[in-house]
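# Chains, contacts and geometry: an overview
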Amino acid sequence: MNVSRQHVRADLADHVAAAQRLRRDYAALPVDAPVRLAKPTSNLFRFRDPGDVPRLDVSAFTSVLAVDPDARIAEVGGMTTYEDLVAATLPHGLMPLVVPQLRTITLGGAVTGLGIESSSFRNGLPHESVEEIEILTGAGDIVVARRDNEHRDLFRGFPNSYGTLGYSLRLRIELEPVKPYVHLRHLRFHDGAEAMEAFAAICAAAEYDGERVDFVDGVAFARDELYLTLASFTDRAPWTSDYTGSDIYYTSIPRYAGPGPGDYLTIHDYLWRWDTDWFWCSRAFGLGNPTVRRLWPRSLKRSDVYRRLVALDRRTDFSRLLAHYRGRPQPEPLIQDIEVEVGRGAEFLDFFHTEIGMSPIWMCPLRLREQPEAGGEDGHVWPLYPLEPERLYVNFGFWGMVPMRPGQRRAHHNRLVEEEVARLGGHKSLYSDAFYSEDEFWGLYNGDAYRRLKHAYDPKDRLLDLYAKCVGNR
């Protein structure tokens, strides 16, 4: 262990006491009051009026309880950020199997929602490396769910439930070994079909041009300018780049593409390469301007800072009012991640360039880690987000504002995306706004399986249901 066994036992004893306090606090809430968590950060983009409602204090569940480097296992509080988790595991030469891109995503949030990153083509989604979850259920019970115990259905149905079945208090997760550095190669492609074919071939082989590939993602800057980034662990690096100050990671991709040695980062900086500029969303705050970038403190070049600024804009309606007084079209927020099978990826890109016109677009391949025989009675390994086992999908992420034209329906561009993704047999994550009808929604997110779990673990509907929370934004 990274600490003494006595210290670990003390931490676990404190955790058990904190869990019982939280259970009592939950039971004491008025039965007609909405349940909210008191936590300093959020990576959801479903903004709602915070309101004056009681909140559950979950601050006792924000730490790494133990790291066992021999077993490659960590015991982690459900509200622990990946930033803190990675800080605890990297000194042991280990990392979680999937580390989502943004520092303040919590482990519990990535499991009850959905996380993804460039190791997902080989390691799946974050919940697939979880061995057990301790959950405060909507019924007010504390249960430990595993693949092989009496709560196995909750274990498999917890991903994509977004806190509507309960809250994770502790998770036991697998870790994998890392090397000190990562070597990056950026490959340019001139159309979407060519890039999707490369994704399929490289992810199947897990190697390219004789070098093992440990991470794969990509960026589409335009219809005819796409890059796949292949990254590999390495023990040595002739240099390392720094994208936490004046230089910007995503602008380096075209620069290092093509013949040449590629780029090198420490493993720490690779894991957080997207966080400094929140991919490219920092442009909205002027950080693409060298003068603004020099004046902006390094410590505030973080995704959680930018997210708070976006929340302030939503509360004050500043962007809409500014567009109105400038006589410009009203902006529609389009902040989404979607998945389609790799064979339909080029179709989605063509649609997006034609109908939406936003760029860049992040691309990240994923394949479920678990095999079909691990699935439940309906054959899906993770029933509330029913991706097909043994298929390669590509996640497309796009985050920004699209101008509205007169006469367009409410949420015009968001609905176009939802309809196209459904046509292509894909899904979209629910961390942001959704506009489905109830029938559409439950058809896509396995309403039958969800209702069985809701009845078993929140029979009095103490928590919102998934549609009310993710579409109704309650």
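Read on for an overview of the structure. (Residues numbered from 1 in each chain as written. Predicted model: local features only at pLDDT ≥ 70, side-chain atom pairs only at ≥ 80, totals over all residues. Heavy atoms only, no water.)

## A word on the nonpolar core
Within the largest apolar cluster, 88 residues are counted, with the highest numbers of intra-cluster contacts made by Met95, Trp274 and Phe441. Core analysis: the next-biggest nonpolar cluster, separate from the first, contains 37 residues, Ile202, Val213, Ala220 and Val342 among them. (Core = buried A, V, L, I, M, F, W, Y, C linked by side-chain atoms within 4.5 Å. Buried < 20%, exposed > 50% of the residue type's maximum accessible area, 1.4 Å probe, protein only.)

## Here's the deal with the packing of aromatic side chains
Tallied over the full model, the rule gives 30 aromatic pairs. Measuring from ring centre to ring centre gives 5.1 Å for tryptophan 239 and tyrosine 264, while their planes differ by 80 degrees; the resulting arrangement is edge-to-face. Of this pair, tryptophan 239 sits in the loop between β13 (225-234) and α7 (249-256) while tyrosine 264 sits in strand β14 (residues 263-266); the two residues are 25 residues apart in sequence, bridging distant segments of the chain. Judged by relative accessible area, which is 30%, tryptophan 239 ranks as partly exposed. For tyrosine 264, a relative accessible area of 12% corresponds to the buried category. When the centroid spacing of 5.7 Å and the interplanar angle of 75 degrees are considered together, the rings of tyrosine 250 and tryptophan 280 count as edge-to-face. Of the two residues, tyrosine 250 is situated in helix α7 and tryptophan 280 in the loop between α8 (267-271) and α9 (290-295); the sequence distance between them amounts to 30 residues. An identical accessibility class is assigned to tyrosine 250 and tryptophan 280; each is buried. Grouping aromatic residues by their ring pairs yields a cluster made of Tyr243, Tyr249, Tyr250, Trp274, Phe279, Trp280, Trp362 and Trp399. The ring centre of tyrosine 270 lies 4.0 Å from the NZ or CZ of arginine 273, which sits over that ring. Stacked on the ring of tyrosine 26, the Lys or Arg arginine 462 has its end atom at 5.7 Å from the ring centre. (Phe/Tyr/Trp six-rings, centres within 6.5 Å; stacked < 30°, edge-to-face > 60°. Helix = DSSP H or I, 4+ residues; strand = E, 2+ residues; numbered from the N terminus. Lys NZ or Arg CZ within 6 Å of the ring centre and 35° of its normal.)

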